[in-house]
Structure formats: C-alpha cells, structure tokens
Amino acid sequence: MLDRLKQLRDQLSPAERRVADWILAHPREVLASNLADLASRAGTSEPTVVRLSRRAGAGGYSDLKLRLAEALSRPSTWLHRDVGPGDGLTDAVMKVMDRSAQALLSVRERIGTYPFKAAVPLMTGARQWIFCGLGASGSVAQDACHKFFRLGVPSVAWTDTPTMLQAASLAGPGDVLLVISHTGRWPRLAAAQGRALERNATVLAFTQSGSPMAEASTLCFPHEIDEDTSVYTPMSSRLAQLALLDALQVAVALALGEAAGRNLKASKLALDLA
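Here is what the cut-offs are and how they apply
Residues numbered from 1 in each chain as written. Predicted model: local features only at pLDDT ≥ 70, side-chain atom pairs only at ≥ 80, totals over all residues. Heavy atoms only, no water. Patch = residues over 30% accessible without salt bridge, like charges linked within 9 Å, V, L, I, M, F, W, Y side chains within 5 Å. Areas by Shrake-Rupley, 256 points an atom, 1.4 Å probe, with all protein chains shown as cover. Salt bridge = Lys/Arg side-chain N within 4 Å of Asp/Glu carboxyl O. Helix = DSSP H or I, 4+ residues; strand = E, 2+ residues; numbered from the N terminus. Buried < 20%, exposed > 50% of the residue type's maximum accessible area, 1.4 Å probe, protein only. Contact = heavy atoms within 4.5 Å. Axes fitted to C-alpha atoms, helices over the stretch in contact; angles between N-to-C directions. Parallel < 35°, antiparallel > 145°, perpendicular 65-115°, else oblique. Left-handed = near helix turned anticlockwise from the far one by under 90°. Nonpolar A, V, L, I, M, F, W, Y, C, P; charged D, E, K, R; others polar. Phe/Tyr/Trp six-rings, centres within 6.5 Å; stacked < 30°, edge-to-face > 60°. Expected span 1.5 Å × (residues − 1). Arc of directions from axis to C-beta. Pairing = 2+ DSSP bridges.

**Some details on a nonpolar patch on the surface**
A cluster of nonpolar side chains, Leu-89, Val-93 and Met-97, forms an exposed patch at the surface whose accessible area comes to about 330 Å². Topologically, Leu-89 is positioned in helix α7 (residues 89–109).

**Thoughts on the environment of Ala-141**
When you line up the elements, Ala-141 lands in helix α9 (residues 136–148). Judged by relative accessible area, Ala-141 falls into the buried class, the value being 0%. For the pair Ala-141 and Val-156, spaced 15 residues apart in sequence, the C-alpha separation works out to 9.0 Å. With sequence-adjacent residues up to four places away left out, Ala-141 is seen in contact with Phe-131, Cys-132, Gly-133, Ala-157 and Ile-180.

**Here we look at the packing of α9 against helix α13 (residues 236–256)**
Angle between the axes and distance between the axes are the two parameters that describe a pair of packed helices. Between α9 and α13, the least distance of the axes is 10 Å, while the angle of their chain directions is 20°. The orientation of α9 relative to α13 falls into the category roughly parallel. The element α9 and its partner α13 pack so that their crossing is right-handed. In this structure, α9 contributes Ala-136, Ser-137, Val-140, Asp-143, Ala-144, Lys-147 and Phe-148 to the contact, and α13 contributes Arg-238, Gln-241, Leu-242, Leu-245, Asp-246, Leu-248 and Gln-249. Class assignment of the residues belonging to the contact of α9 with α13 gives a composition of seven nonpolar, three polar and four charged.

**Topic: the environment of Ala-214**
Structurally, Ala-214 can be placed in helix α12 (residues 212–216). The spatial distance from the C-alpha of Ala-214 to the C-alpha of Leu-204 is 8.7 Å, given a sequence separation of ten residues. Beyond its immediate sequence surroundings of up to four residues, Ala-214 is in contact with Thr-207, Gln-208, Ser-209 and Cys-220.

**So, the packing of aromatic side chains**
Following the criterion strictly, the structure yields six aromatic pairs and no others. Ring centres of Tyr-114 and Phe-116 lie 6.2 Å apart, and the angle between their planes is 75°; this geometry places the pair in the edge-to-face category. We classify Tyr-114 as buried; its relative accessible area is 6%. The exposure class assigned to Phe-116 is buried, which follows from its relative accessible area of 14%. Centroid distance Trp-129 to Phe-148: 5.4 Å. Interplanar angle 85°. Geometry classified as edge-to-face. You can see Trp-129 sitting in strand β1 (residues 128–133) and its partner Phe-148 sitting in helix α9, a full 19 residues away along the chain.

**A short note on helix α6 (residues 61–72)**
Over its twelve residues, α6 extends 16 Å from the first C-alpha to the last, a length consistent with the 16 Å expected when each residue adds 1.5 Å. Within the sequence span of α6, burial applies to Tyr-61, Leu-64, Leu-68 and Leu-72. All buried residues of α6 lie within an arc of 65° about the axis, which places them on one face of the element. Against α1 (2–8), α2 (14–25), α3 (27–31), α4 (35–42) and α5 (46–55) lie the buried residues of α6.

**Points about the sheet that holds strand β5 (residues 219–220)**
Spatial strand order, β2-β1-β3-β4-β5: five strands in an open sheet with parallel pairing. Here the strands that pair on one side only, and so sit at the sheet edges, are β2 (155–158) and β5. Bridge count for strand β3 (residues 175–180) against strand β4 (residues 202–206) is five bridges, and the pairing is parallel. By the bridge assignment for β4, Val-176 is matched with Thr-202. Sheet contacts for α9: β1, β2 and β3; angle to β1, the most-contacted strand, approximately 160°.

Here's what the structure looks like:
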C-alpha cells in the first residue's frame with residue numbers, strides 16, 4: 001500500500017497529495033486514526049480521504065487501514081503463511097498441500113458462476129490470443145500460451161511491461177487479451193488492459209473480483225484466494241489461475257471440434273521429430 005501511494009503521488013490533486021504525504025510520513029499513526037482525525041491532520045476533508053483511499057485501490061478508508069496494517073506487519077516467516085519456523089518437515093509439507101487443495105476446491109465450488117459460456121465464442125472467433133502477466137503471474141501466462149497455441153490459433157505470452165504495452169496498443173477487434181494478476185492492481189498491466197479495450201479488443205481477466213482490472217474487463221474469472229502476495233511469493237493463487245485456464249483451454253478445444261483435435265494431434269506427433 002505504501003508503494004502504491006508513492007507511485008500515485010504525482011497523479012493526485014493537491015488535497016489528495018496532502019493525505020498521501022501524511023500517510024507516508026506517519027503510517028502507524030494512521031492505524032489509530034479515524035476518518036475525521038486523518039482529514040484534520042492532513043488539512044483536508046473527509047471525502048478527500050475517502051477518494052484517495054479508492055484511488056489507491058482500497059474500498060474506502062477502513063479498507064485502506066486494513067491494507068496498511070498488512071503492509072506494516074512483520075510475519076514470523078517469509079516462506080509460507082501457514083508454515084512456522086518450528087514446524088517439522090512432514091507438517092510443513094502437509095500445510096502447503098492443504099492450502100493448495102483448498103484453493104482448487106474454492107474454484108470448484110463456484111464453477112457455475114464463471115463466464116465460460118460467454119468466453120468460449122469470443123475465444124473461438126479470435127484472430128489471436130495474447131496472454132499477459134507480471135511476476136509469478138507471468139509464468140502462468142507462459143504456461144497457458146504453451147497449451148493454447150496447440151489449438152491452432154496464433155498465441156503469444158508477454159511478461160515484460162514494454163512489450164505488453166506495445167502489444168496492447170496494436171491489438172484490435174478479433175484479438176483476445178487474457179490478463180492474469182492475483183491482486184488486479186498492477187498499474188502497468190491495467191494500462192495494457194485499458195489500451196486493448198480502447199482498440200475494441202476483448203479482455204478476459206483472471207484476478208480478484210472487485211479489483212480495478214476485474215471491473216474494467218470484458219469478462220472476469222475471479223478467484224478469491226486468501227493470500228497476501230505483498231509478503232509471500234504466490235502459490236495457491238497461482239494454482240487457481242492455472243486450473244481456470246486449463247478448464248478454458250479444454251472448453252475452447254471442444255468448441256473448435258475436429259480442427260482442434262487435428263492440431264493437437266499434429267503438434268504431438270511433431271515431437272517425434274525433435
């Protein structure tokens with residue numbers, strides 16, 4: 001949250017900037033301050049504090065304080081949220097497996113709410129599929145591209161900001177941009193998404209519901225995985241993304257019918273020549 005405020009600073013109004021500066025200078029005092037207190041200390045109004053909170057990606061001032069508390073907390077370990085320094089090997093492994101299983105079950109339980117029926121026609125009629133992700137989500141984007149291109153539709157995966165922004169700026173009707181982000185709050189990834197939408201491309205987002213990227217997408221495949229990626233390297237959230245993309249790939253293959261079957265067979269047999 002503190003990094004987000006620093007990134008936003010130059011884009012804020014003077015009143016919003018005073019709030020951001022006060023938070024950055026006194027982050028722990030904010031946790032003990034109510035809305036009126038912070039507005040008074042920053043020399044601005046309560047609506048300005050709320051507006052700044054939302055611009056920072058929070059739902060409101062209370063949510064801003066919660067995110068700030070998470071950012072300021074010092075975990076006992078940076079390894080995994082469920083694993084402590086005193087855990088034995090077997091317990092540690094089981095905790096990681098349990099968390100992974102819970103993430104997949106969470107996706108399965110709400111499978112009927114995902115927009116597969118709406119997404120499949122957009123995918124089968126596409127000129128190209130563009131997979132975008134940064135950090136750990138970039139690995140998910142590359143994995144998805146590695147599976148989808150075998151169906152016979154031109155596919156690329158972009159995991160660096162400059163290329164991603166350029167590709168989105170060249171997209172157009174018939175192109176499908178699949179953006180992948182656990183938080184849905186990466187400014188540069190959101191910028192690529194916005195450019196693609198401005199050029200009438202389709203954007204499918206694999207991210208948290210209610211996030212800026214989820215709200216701006218054509219269709220969203222949300223995953224509500226309780227994982228603080230500002231502290232821990234993404235693990236269970238990445239598995240949820242992979243599972244949803246695997247399911248979408250199979251759904252698209254079924255819709256493409258015999259053509260997809262022929263392409264999958266040809267790509268597999270080509271490995272015999274390698």
